[in-house]
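Okay, here's what each chain looks like letter by letter:
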Amino acid sequence: APQGKINDLHASWQGDLEHLAQYRVRARLVDVGVRQVGEQPAFSGLTGDVEGSDRAGTLRVKSRDLTVQAPGFMADSLTLTQADARLDWQRNGRGWELKLNDTHLRNQDLEGTVSGGYQIDDGPGVADLTINLKHASVKHAARYIPMHAFNDATYHFLQTGLQEGDADSFVLRV
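Definitions and limits used
Residues numbered from 1 in each chain as written. Predicted model: local features only at pLDDT ≥ 70, side-chain atom pairs only at ≥ 80, totals over all residues. Heavy atoms only, no water. Helix = DSSP H or I, 4+ residues; strand = E, 2+ residues; numbered from the N terminus. Buried < 20%, exposed > 50% of the residue type's maximum accessible area, 1.4 Å probe, protein only. Contact = heavy atoms within 4.5 Å. Areas by Shrake-Rupley, 256 points an atom, 1.4 Å probe, with all protein chains shown as cover. Lys, Arg positive; Asp, Glu negative; His and termini not counted. Charge placed at Lys NZ, Arg CZ, Asp CG, Glu CD. Pairing = 2+ DSSP bridges. Core = buried A, V, L, I, M, F, W, Y, C linked by side-chain atoms within 4.5 Å. Polar contact = N/O pair within 3.5 Å; in protein donor to acceptor, adjacent residues only side chain to side chain. Salt bridge = Lys/Arg side-chain N within 4 Å of Asp/Glu carboxyl O.

1. Thoughts on the overall build of the protein
- Each helix and strand in the protein was counted, giving one helix and twelve strands.
- Listing each helix as α and each strand as β along the protein from the N terminus yields β-β-β-β-β-β-β-β-β-β-α-β-β.
- Buried residues in the protein amount to 26% of all 174 residues.
- Put simply, of all contacts in the protein between residues at least 6 apart along the chain, 44% involve residues at least 24 apart.
- As displayed, the protein offers around 11,400 Å² of accessible surface, 54% of which is attributable to carbon and sulfur atoms.
- Distance between charge centroids for the protein: 6 Å, based on 18 positive and 23 negative side chains.

2. With respect to the pairing of strand β10 (residues 126-137)
- Inspection of the sheet shows strand β9 (residues 110-120) paired to β10 by ten bridges, in the antiparallel sense. Bridge pairing in β10 places Q119 opposite V126.
- Counted between consecutive antiparallel strands, the loop separating β9 from β10 contains five residues, among which G125 sits at a positive phi close to 95°.
- Relative to strand β12 (residues 170-173), β10 runs antiparallel, the two sharing four bridges.

3. Description of the nonpolar core
- Among the nonpolar cores identified, the biggest contains twelve residues, and these are A27, L29, V32, L46, V50, L59, V61, L66, L80, A83, A85 and W89.
- With sequence-adjacent residues up to four places away left out, V32 is seen in contact with Q3, G4, K5, I6, F43, S44, G45 and L46.

4. Quick notes on the environment of R143
- Residue position: R143 is located in the loop between β10 and α1 (152-160).
- In contact with R143, other than residues within four places in its own chain, are M74, D76, Q108 and D109.
- A polar contact of 2.7 Å, which involves the side chain of R143, links it to the side chain of D109.

5. Quick notes on the environment of E97
- Secondary-structure assignment places E97 in strand β8 (residues 95-106).
- Taking C-alpha positions, E97 is 24 Å from H10, a pair spaced 87 residues apart along the chain.

6. Quick word on the pairing of strand β2 (residues 22-34)
- As paired strands, strand β1 (residues 3-14) and β2 are joined by nine bridges and run antiparallel to one another. Residue N7 lies in a different strand from β2, and its bridge partner there is R28.
- Across eight bridges, the pairing between β2 and strand β3 (residues 42-53) is antiparallel. Bridge pairing in β3 links R24 to S53.

7. What to know about the pattern of salt bridges
- Taken as a whole and judged by the stated rule, the model has eleven salt bridges.
- The salt bridge partner of D84 is K62, with a shortest N-O separation of 3.7 Å. Separated by 22 residues along the polypeptide, D84 in strand β7 (residues 82-92) and K62 in strand β4 (residues 56-63) bring together distant segments of the chain.
- For D84, a relative accessible area of 12% translates into the label buried.
- We note a salt bridge from D109 to R143, for which the minimum N-O separation is 2.7 Å.

8. Quick look at unusual backbone geometry
- A positive phi angle, close to 50°, is found at D8, a residue other than glycine.
- You can see D8 is positioned in strand β1.
- Although it is not a glycine, D65 adopts a positive phi angle of roughly 60°.
- Along the chain, D65 falls in the loop between β4 and β5 (66-69).
- Under the relative-accessibility criterion, D65 is labelled partly exposed at 49%.

By themselves, these figures tell us nothing about what the structure is for.
Written out as structure tokens, the structure reads:
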């Protein structure tokens, strides 16, 4: 069941749920969450503003204690003590383009920024991301790496072989 509050909701649409032709939405989200159902992701603590349509939009996140679960993608749930971000989406000739801007993330293991984009089409999509961390716990690195990014042996090594340490500066471009 969903949780949290949705304030100042303005929504309009044409069609029914199965044949939605057009929609527009604007709302303020306060500690919103949805539970995991099957393999679908779950989240809690989402606070921010959303304004968009079936063609384009923006989600501005300003959350404290945001938790995300992505079964089959990430081994553990991810909790962020601070998550500030802007996610823009736009429909283009190939599908959907997502852009992540002005993102700052922090928890006990890391602090830094993420920027870039993701093009969703008929296939797996194309990512272009830059991760720039000013602090990262080496011991917990595997928590933040998708489960299928490496073969099982390498992923197991990341989970168990990295014993201690901190990185003061870490940049990854994907």
